[in-house]
Structures are given as structure tokens and as C-alpha cells.
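Report on the structure
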Amino acid sequence: MRILLVEDDNRVADALTGSLRRNGYEVWRAASAADALAAPAVDLVLLDLGLPDRDGIEVCRELRARGSVPVIAVTARGGGPDRVRGLRSGADDYVVKPFNAAELLARIEAVLRRSMTRRVGEDRLVTVDGLEIDLGRREVTLDGRPVPLTRKEFDVLAVLVRAEGAAVPRDRIIVEVWQTTYEGMSRTLDVHMANLRGKLGRSGSVVRTVRGIGYRLATAAEGPPYAASDTGPEVPPSSHRGLSSPALPPTAVGS
């Protein structure tokens, strides 16, 4: 696996490069936004947001516009609004300096796993209860007739398809579709889910509510009919506060 490390602080870059290489990663170093945008294709980007020639948020947006390479923001900007901006710009994860090197490696592994699963499933064609969902073409048909979903409605459905019948937490759907942890997005998800079910018509019940967790897509093996309790509106848990990232214990890496 090849990682692009975008970091202008040589001390931090050297420490990270050594740690990554010891764990089997090939590292390409960029010290500026210009170098990062001119770098060859990689499997993941570790992106410092405080770059000397350009705001890292803009770089993240441009990387995301170019393709689906996963990006982890690694930055000293630890405030809540900064985290939200970073995730909304397309970052798959957000790590605040100073950070624990072992946890960063674990986050890299998790993001790479999600990315690989997503790429493998992009050409998947799923059929359940008269619905045909083509992830590669981004098309949905019901009994052979096109279902006109919006981009976000399809993205929500695609998250459920990739989970292969497993329950997907509400917070994870919000992060993957809207790239934000803002707690006010919970209502937006409810609206999109209701619209999605409505557009799927008689097959809307394949999108099932998992009480206290989120949603899942029924598999073809389950088949209709579905219990009414599976498809009713979900009342989010009272403890739901969004996805505030946990504080990371400091080490000698970063400052």
C-alpha cells in the first residue's frame, strides 16, 4: 500500500514516515499543496491542513473531486467547527495533533478496509423484491421501470447495499453521505430515508429500521412480506449527540 504524506514539518514527517515504513507502507512525501496535487496515484493520503502555500481544506476538496482516494486529515486544528469543515471537504477521518501513532495506524487500516470494500462493490448488481440496484451505473429500477432517485438518496441506499444486510449506524450513514458529524443532520437523514422509501414504492420495506442503531437493507433471501415494525419511523436514541471524535493521547509525534 502506498501512502502520500502531505506534511511541511520535517520532524513530524520523518517520525510518521519511519512509523509507516516499519508497518509495511510505501511512503511518498509532499511538503506543499503543489507537491501533493502533482504526486502520483496512491492508496491513501495523510493530509496536514496547515500547508505553506494553500489551505489544506481546499486541497482535500480538489483531491476528492479528482477521484475516490481516501483522505485522513492530520492537523493541529482541533476545534469542533474545524472537524466539521474537514469532514465536509471530503476527508474520511480527522486526526488532531499531537496524536497517538498506534491509533493513527489503526485509523489508516480502518479507512483502507472501507475503501477497498467500496471499490470491490462498485460494480455490484443487487436484486431484492423487484428492485434492481446497480452501484456501477448508479441506477435503480423497480419491476424494470427506472426509479428517479436524487444523488443523496442513491448514496444512502448504496451505503446499505455495501453493508450486505448488516445494520448501519445512523452516524456512519451521515458521515459517508454528507461528510459531516453535525448532529443536526439526523433529521436530514430521516427526511431522505422517508423520501427513498416512498420512491421505492411497494419495495420500500426492504429498507429496514434497526431500532436504536440505524438501518439495513433486507437481503433477497429474506423476501417479503416484512413486519410493519421493521419499516416504521425511527426515533433516534436520546443519547445521540453526533460523532465527536475522541481525544487522542499525546505522544512525541506532532505538536
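A few points on the structure.

Between helix H7 (residues 170-178) and helix H8 (residues 185-199), the shortest axis-to-axis distance is 10 Å and the interhelical angle comes to 85°. Comparing the axis directions of H7 and H8 gives the class roughly perpendicular. From H7, Arg170, Ile173, Ile174 and Trp178 reach across to H8, where they touch Met185, Ser186, Thr188, Leu189, Asp190 and His192. A class-by-class count of the residues in the contact of H7 with H8 yields 5 nonpolar, 3 polar and 2 charged.

What follows covers the packing of helix H6 (residues 151-162) against H8. The contact between H6 and H8 brings their axes to 10 Å, and the two run at 90°. Regarding the angle of H6 to H8, the classification is roughly perpendicular. Here Lys152, Glu153, Val156 and Leu157 of H6 come into contact with H8, specifically with Leu189, His192, Met193, Asn195, Leu196 and Lys199. Its residues assigned to classes, the contact of H6 with H8 shows 5 nonpolar, 2 polar and 3 charged.

On to the sheet that holds strand E10 (residues 168-169). An order of E10-E12-E11 is seen for the 3 strands of this open sheet, with the pairing classed as antiparallel. The open sheet has two edge strands with one neighbour each: E10 and strand E11 (207-210). As defined by bridge partners, E10 adjoins strand E12 (residues 214-217) across 2 bridges and the pair is classed as antiparallel. Counterpart to Val168 in the pairing with E12 is Tyr215. Where H6 meets the sheet, it contacts E10, E11 and E12, and its direction lies at approximately 70° from that of E12. Running over the sheet, H8 touches E11 and E12 and is turned about 145° from E11.

About the thresholds
- Residues numbered from 1 in each chain as written.
- Predicted model: local features only at pLDDT ≥ 70, side-chain atom pairs only at ≥ 80, totals over all residues.
- Heavy atoms only, no water.
- Axes fitted to C-alpha atoms, helices over the stretch in contact; angles between N-to-C directions.
- Helix = DSSP H or I, 4+ residues; strand = E, 2+ residues; numbered from the N terminus.
- Parallel < 35°, antiparallel > 145°, perpendicular 65-115°, else oblique.
- Contact = heavy atoms within 4.5 Å.
- Nonpolar A, V, L, I, M, F, W, Y, C, P; charged D, E, K, R; others polar.
- Pairing = 2+ DSSP bridges.

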